[in-house]
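Chains, contacts and geometry: an overview
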Amino acid sequence: MPKLLPTLHLLCGKIASGKSTLAKKLAKTPGTVIISEDVWLAHLYPDNIKSVSDYVRHASNLRGVIGPHVTDLLRIGVSVVLDFPANTVGDRKWMRSIIDRAESSHVLHFLDVPDDKCLTRLRARNTSGAHAFVVADTEFDLITSYFVAPQQEEGFNIIRY
């Protein structure tokens, strides 16, 4: 049986659109690992992320370490579900650089969920306490204002949900 090429799975969708839920499903594929931005940030910077600017600063630091690690995993044949938001052109350029360095296949999973449904899910998630971070409606609105849906011209293999 021929060996499958390692695949980098990328996730695009607003807060509470279902990215992490999909990531967990994708990671059940043999030979696949999941790397979750939320998990890493919660463990590396507990109690240090109090604002969107804190998140941006710490997420940038994390990407500097995770990028080369993901490249190495792909090069040795491990598929990766990168549970980091691919929500802006800049985010996706960083992810494209990983694909190019690793010479791997990829899929960009785009969860196209309306804001009202995301907000309903977000409020339920906040109430449950099941997530490492609580996001207020105002923060959702601010972060969503930067969201840019992926375009075919960016050169990704997009699956839309």
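Anything mentioned here points back to the structure above.
These figures come from a predicted structure and were not determined experimentally.

We now examine the nonpolar core. Ranked by size, the top nonpolar core spans 28 residues in total, and within it Leu8, Leu10, Ile35, Val70, Leu82 and Phe84 carry the most contacts. Of all the secondary-structure elements, those providing two or more residues to this core are strand 1 (7-12), helix 3 (52-75), strand 3 (79-85), helix 4 (89-102) and strand 4 (105-110). If we skip the residues at most four places from it in the chain, Leu10 touches Leu82, Met95, Ile99, Val107, Leu108, His109 and Phe156. Formed by 15 residues, the second largest nonpolar core is a distinct cluster that contains Leu22, Ala23, Cys118 and Val135.

Attention shifts here to the packing of aromatic side chains. Across all of its chains, the model carries two aromatic pairs by this definition. With centroids separated by 5.8 Å and ring planes inclined at 40°, the aromatic side chains of Phe84 and Trp94 adopt a geometry described as tilted. Of this pair, Phe84 sits in strand 3 while Trp94 sits in helix 4; the two residues are ten residues apart in sequence, bridging distant segments of the chain. Like Trp94, Phe84 is buried. Pairing Phe110 with Phe147 gives two aromatic rings, centres 6.3 Å apart and planes at 25°, and the pair type is stacked. Taken together, the residues span a long stretch of sequence, with Phe110 in strand 4 and Phe147 in the loop between helix 6 (137-144) and strand 5 (158-160) at a distance of 37 residues. Lying across the ring of Phe147, Lys14 places its NZ or CZ 5.4 Å from the centre. Positioned over the ring face of Phe156 is Arg96, at 4.7 Å from the centre of the ring.

Between helix 5 (residues 115-128) and helix 6, the shortest axis-to-axis distance is 11 Å and the interhelical angle comes to 140°. The angle between helix 5 and helix 6 falls in the class oblique. Remark: the crossing between helix 5 and helix 6 carries right-handed chirality. Here Asp115, Cys118, Leu119, Leu122 and Arg123 of helix 5 come into contact with helix 6, specifically with Asp137, Phe140 and Thr144. Here the contact of helix 5 with helix 6 is composed, by residue class, of four nonpolar, one polar and three charged.

Next up on the list: the packing of helix 2 (residues 37-44) against helix 3. Closest axis-to-axis distance for the helix 2/helix 3 pair is 11 Å, and the angle between their directions is 110°. Looking at the two axes, helix 2 sits roughly perpendicular to helix 3. Between helix 2 and helix 3, the residues in contact are Glu37, Trp40, Leu41 and Leu44 and Tyr55, His58, Ala59, Leu62, Arg63 and Ile66, respectively. Partitioned by chemical class, the residues of the contact of helix 2 with helix 3 number seven nonpolar, one polar and two charged.

This next bit is on the layout of surface pockets. Considering only enclosed or pocket space, the largest pocket measures out at about 1400 Å³ in volume. Lining the largest pocket are 47 residues, with Ile15, Glu37, Asp38, Tyr55 and Pro85 positioned closest to its centre. Broken down by secondary-structure element, the contributors of at least two residues to the lining of the largest pocket are helix 1 (19-26), strand 2 (32-36), helix 2, helix 3, strand 3, helix 5 and helix 6. Of the residues belonging to the lining of the largest pocket, the class tally is 23 nonpolar, twelve polar and twelve charged.

A few words on the pattern of salt bridges. For the coordinates displayed, the defined rule picks out eight salt bridges. Across the salt bridge formed by Glu154 and Arg92, the nearest N and O atoms sit 2.8 Å from each other. With a gap of 62 residues between them, Glu154 in the loop between helix 6 and strand 5 and Arg92 in helix 4 connect regions that are remote in the sequence. Under the relative-accessibility criterion, Glu154 is labelled partly exposed at 22%. Linking Arg96 and Asp100 is a salt bridge whose minimum nitrogen-to-oxygen distance equals 3.6 Å. Placement of the pair is Arg96 and Asp100 together in helix 4, with a separation of four residues, close to one helical turn. The class for Asp100 is partly exposed, based on a relative accessible area of 47%.

What counts and what doesn't
- Residues numbered from 1 in each chain as written.
- Predicted model: local features only at pLDDT ≥ 70, side-chain atom pairs only at ≥ 80, totals over all residues.
- Heavy atoms only, no water.
- Core = buried A, V, L, I, M, F, W, Y, C linked by side-chain atoms within 4.5 Å.
- Buried < 20%, exposed > 50% of the residue type's maximum accessible area, 1.4 Å probe, protein only.
- Helix = DSSP H or I, 4+ residues; strand = E, 2+ residues; numbered from the N terminus.
- Contact = heavy atoms within 4.5 Å.
- Phe/Tyr/Trp six-rings, centres within 6.5 Å; stacked < 30°, edge-to-face > 60°.
- Lys NZ or Arg CZ within 6 Å of the ring centre and 35° of its normal.
- Axes fitted to C-alpha atoms, helices over the stretch in contact; angles between N-to-C directions.
- Parallel < 35°, antiparallel > 145°, perpendicular 65-115°, else oblique.
- Left-handed = near helix turned anticlockwise from the far one by under 90°.
- Nonpolar A, V, L, I, M, F, W, Y, C, P; charged D, E, K, R; others polar.
- 1 Å grid on protein atoms, 1.4 Å probe; cavity = no way out; pocket = protein on both sides within 12 Å on 5 of 7 lines; lining within 4 Å.
- Points joined across faces, edges and corners; volume = space filled by probe spheres on them.
- Salt bridge = Lys/Arg side-chain N within 4 Å of Asp/Glu carboxyl O.

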